[in-house]
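Listed below, chain by chain, are the residues.
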Amino acid sequence: MKKYLFIIFALTIFVGLSERSYANDIIYLDYELVATQSKAGISLREQSEELTKELQKEREELQKIVEEKNKKFQDERSLLSPELAKEREEELIKEFQELQDNFNIRAQKVQQAVSRASVSIDSVLKPIMDEIVNEKGAKMLFERKTFLAVDPKLNISGEVIKILNKRLPKVVVSVDQD
């Protein structure tokens, strides 16, 4: 009987020790928090929002141009011969398509610029995470979304934000001009 009690006691101590060591091996990062609270993330979001507003304004201006030209064509259509009306309609369709294509290219360039800026944040973030993992002696770093519930003491997001703010206080979203 004493033999069994000793084995149970030894197993209890072993399991307790191994649980504590595993808890120290795991830390997590709330990437969404870092993206929304860091200076670089805020800078990226503000520039992205400004560029989006500019694109929306451009879209509205293009829509206005198209509507005006289309109205003018509809007003003149009855005065034109069928052949000339068809030719003018085809020219307008081509012009409208060209305007739309140019707008789409611009929107694509804006998206690429935002993506490049986001990648620049990630490139600074990765070494920071590696440093903290090594400093804490952790074996695993998870993203917060992978857990249903987790001890907030294992969260390194605040530390990451502080270091990121020092290393990358701002990002520049530069759109290629062609």
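Structure's up top.
Everything numeric here is computed off the predicted structure, so don't read it as measured data.

**Q** Is there a simple way to explain the layout of surface pockets in this structure?
**A** Over the atoms, a rolled probe matching the size of one water molecule traces out where space is still vacant. Computed from the structure, the largest pocket encloses a volume of approximately 170 Å³. Tyr 31, Val 34, Ala 35, Thr 36, Ser 38, Gly 41, Leu 44, Arg 45, Ser 118, Ile 121 and Asp 122 are the residues that line the largest pocket. The set of elements that each furnish at least two residues to the lining of the largest pocket consists of α2 (31-37), α3 (39-77) and α4 (82-136). Per element, the largest residue contribution to the lining of the largest pocket is 4 residues, and it comes from α2.

**Q** For this particular structure, what's the right way to read the packing of aromatic side chains?
**A** For any pair of aromatic rings, the description rests on two quantities: the centre-to-centre distance and the angle between the ring planes. Per the counting criterion, the structure on display carries 0 aromatic pairs. The ring centre of Tyr 28 lies 5.8 Å from the NZ or CZ of Arg 144, which sits over that ring.

**Q** Just checking my understanding: could you explain the pattern of salt bridges for this structure?
**A** A side chain with one charge can pair with a side chain of the opposite charge if their charged atoms come near. The final tally for this structure, using the stated rule, is 13 salt bridges. Of the charged contacts in the structure, one is a salt bridge between Arg 45 and Glu 49, with a shortest N-O distance of 3.9 Å. Residue Arg 45 and its partner Glu 49 are both found in helix α3; the two are separated by 4 residues, about one turn of the helix. The exposure class of Arg 45 is partly exposed, given its relative accessible area of 36%. Note on Glu 49: relative accessible area 42%, which makes it partly exposed.

What counts and how
Residues numbered from 1 in each chain as written. Predicted model: local features only at pLDDT ≥ 70, side-chain atom pairs only at ≥ 80, totals over all residues. Heavy atoms only, no water. 1 Å grid on protein atoms, 1.4 Å probe; cavity = no way out; pocket = protein on both sides within 12 Å on 5 of 7 lines; lining within 4 Å. Points joined across faces, edges and corners; volume = space filled by probe spheres on them. Helix = DSSP H or I, 4+ residues; strand = E, 2+ residues; numbered from the N terminus. Phe/Tyr/Trp six-rings, centres within 6.5 Å; stacked < 30°, edge-to-face > 60°. Lys NZ or Arg CZ within 6 Å of the ring centre and 35° of its normal. Salt bridge = Lys/Arg side-chain N within 4 Å of Asp/Glu carboxyl O. Buried < 20%, exposed > 50% of the residue type's maximum accessible area, 1.4 Å probe, protein only.

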